[in-house]
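# Per-entry structural report
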Amino acid sequence: MEKLVANNSATTLGLVVNSAGVLSLIQDAGRFGAFNLGLTNGGPADSLAFYWANKLCGNDLNATAIEICLGGLQLTAQLDCVVAVTGAPMPLTINGKAKSLWRSYLLKAGDTISLGFAPVGVRCYLAVVGGFAIKPSFGSTATVCRESIGGLTGDKLVLNDVLPCIAILKSALKQELRMLATHQQPQYSNEVVLHTVLSYQQQHFSAIVKKLFFSSEYRVSKHWDRMGYRLQGPAIQSDLGGILSEGICYGAVQLPADGQPIVLLNDRQTIGGYSKIGAVISQDCAKLAQLRQGDKVRFEPISMSQAGNLFHLNLSRLQQTKLIDCDG
Amino acid sequence: MSTIINESIRLEIAGENALMLYFSDKTQASITLESVISAEINSNVHQAVQLIRTHLSVEVIDLIPSYASILVVFNLLEIDHQHLSNRLKYLLKTCGSGGNKPGKLIELPVYYSLASGIDLTRIAKQAKISVEQVIALHQKPEYRVYAIGFAPGFAYLGEVDQRIAMPRLTSPRLKVPKGAVAIADRQTAVYPAESPGGWNIIGLCPVDMFNAQTDPVMRLSVGDRVTFVAIEKSEFLTLGGVLPCL
């Protein structure tokens, strides 16, 4: 029998929060099947970076990790564990020594890992081999603060929180540490193209208005969060006042009376009564969620079939990408 | 892309992995007309939800039924939008031809008073009736749960008597207490938790609308019927109601 590391005893060991940062949230892949209760999806705002964090740890792709918004998180390990950080280029240090993102590291009990603030991009993911052992609510550990659901207490991380690590075999700690090749790492910029499927009330937007929408540049306003990104630019008006409240999908582009687009993301309200011109594809929602106030976006129309193709192409690329083994 | 499923259902694209079903009344000349609130239409929505849940449980990840629509979120690893459209077309062809079972009936107690219902006076004034009449009119109909959303456990009930229908506040309140029974246009609802809100408050309900610790977590589901019954303050407190600090 191999020896289990921690967590088979009454006391639960894990990573302790020394500094919670601006907004650090427990997230798994999201909460599905609970719309009938009025619960939204939650889940990682940048699903690609989240994917790689878990992949580098050899985890299940729905394993629970931490989403760090803007930065400032500092954790101390209570046990030996293997972690990986991916996403926006936040300066990463372990015991004060600079380290690079997109690879896994062995943390010894007592080691401290810190994240500074990213010059570009806003979200990072910290995963641990085996995932954090958080009790799911409604089938998911995803934190949605507005609903007080998920995570440790339904809210963001605070000082002295302990993020319990799932018990893993000693041998797992000796596993090869891995990294994602530099040229495979996603790059973050201040400009993003959002491929958008025309849908919902699109027939209520005239051809000229659609042309304006797809040829204009929009800037991220000061209202950007996990619920949605409010953009600023040429006003897009439909011939509808409001609509009977209806379901809103991930990426839906809502246009309230002022004509300023709002792209709805993970923590969106499940139903609403504003008209929508279309929906941004999931890959591009992940890119949008890395932008901050003042960053630029453009919308580009795409057919439903093209969107499906891009989804599968991306998936097959991810599955074919091999991680590189590296030394501790 | 707009696909006609039958005389009362049309299918549209929503997003990369989402389709939208819009329901309308057969009596409407054209089903492209704007949707309306109707118990019959909503009952067809309810019927379609059951059918989709039963027959497309592998392909469909999530459903959001509302007044006259269903958002169908599907798993792109299982099916593409064209195949799903065809499956839905076949599945829902005869949907809406009546024979729907009514949902369960739930009675909700309400402590109506000027203290617990801070907008009662304003509603009475606008309707040119007494506060007592406002309270009586609110208890009269058997409401229908048309949709659930906005917040966990928030059920949209319709329809309120035309006389006491009130528009939303122009500026929403930052705090509406848990259990607040409120009116917006011809809809009424019980706030499941303290939250910001722009509906007109007429009373307080001591019953938990959403509790993550209980099973089921929610008493109501779309298609259920609801009646409100007035109770005294003492009973409100006995039932576990908490008066908010105003």
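Parameters at a glance
- Residues numbered from 1 in each chain as written.
- Chains lettered and ligands numbered in written order.
- Predicted model: local features only at pLDDT ≥ 70, side-chain atom pairs only at ≥ 80, totals over all residues.
- Heavy atoms only, no water.
- Helix = DSSP H or I, 4+ residues; strand = E, 2+ residues; numbered from the N terminus.
- Rg over C-alpha atoms; globule rule 2.2 N^0.38 Å.
- Buried < 20%, exposed > 50% of the residue type's maximum accessible area, 1.4 Å probe, protein only.
- Areas by Shrake-Rupley, 256 points an atom, 1.4 Å probe, with all protein chains shown as cover.
- Lys, Arg positive; Asp, Glu negative; His and termini not counted.
- Charge placed at Lys NZ, Arg CZ, Asp CG, Glu CD.
- Contact = heavy atoms within 4.5 Å.
- Buried area = accessible area lost by both parts, 1.4 Å probe.
- Salt bridge = Lys/Arg side-chain N within 4 Å of Asp/Glu carboxyl O.
- Polar contact = N/O pair within 3.5 Å; in protein donor to acceptor, adjacent residues only side chain to side chain.

## Points about the overall build of chain B
Tallying secondary structure elements over chain B gives five helices and 14 strands in all. For 246 residues, the compact-globule formula gives about 18 Å, and the C-alpha radius of gyration of chain B, at 20 Å, lands near that figure. With the principal axes as the frame, chain B shows a C-alpha extent of 55 × 45 × 35 Å. The buried share among the 246 residues of chain B stands at 56%. If you sum the accessible surface of chain B, you get close to 11200 Å²; carbon and sulfur atoms cover 54% of it. The average position of the 22 basic charges and that of the 23 acidic charges among the side chains of chain B differ by 4 Å.

## Describing the interface of chain A and chain B
Accessible area lost upon the coming together of the parts is a frequently used measure of interface size. In this complex, chain A contributes 39 residues to the contact, which on the side of chain B involves 42 residues. Buried surface at the junction of chain A and chain B, summed over both partners, amounts to about 3000 Å²; 66% is from carbon and sulfur atoms. Taken together, the connections running from chain A to chain B amount to zero salt bridges. One can count nine residue pairs in polar contact (both at pLDDT 80 or more) joining chain A with chain B. Looking at the side of chain A that touches chain B, the elements with two or more residues in it are β15 (191–198), β18 (246–247), β22 (275–280), α4 (282–288) and α5 (304–320) of chain A. Of all the elements, α5(A) adds the most residues to the side of chain A that touches chain B, at five residues.

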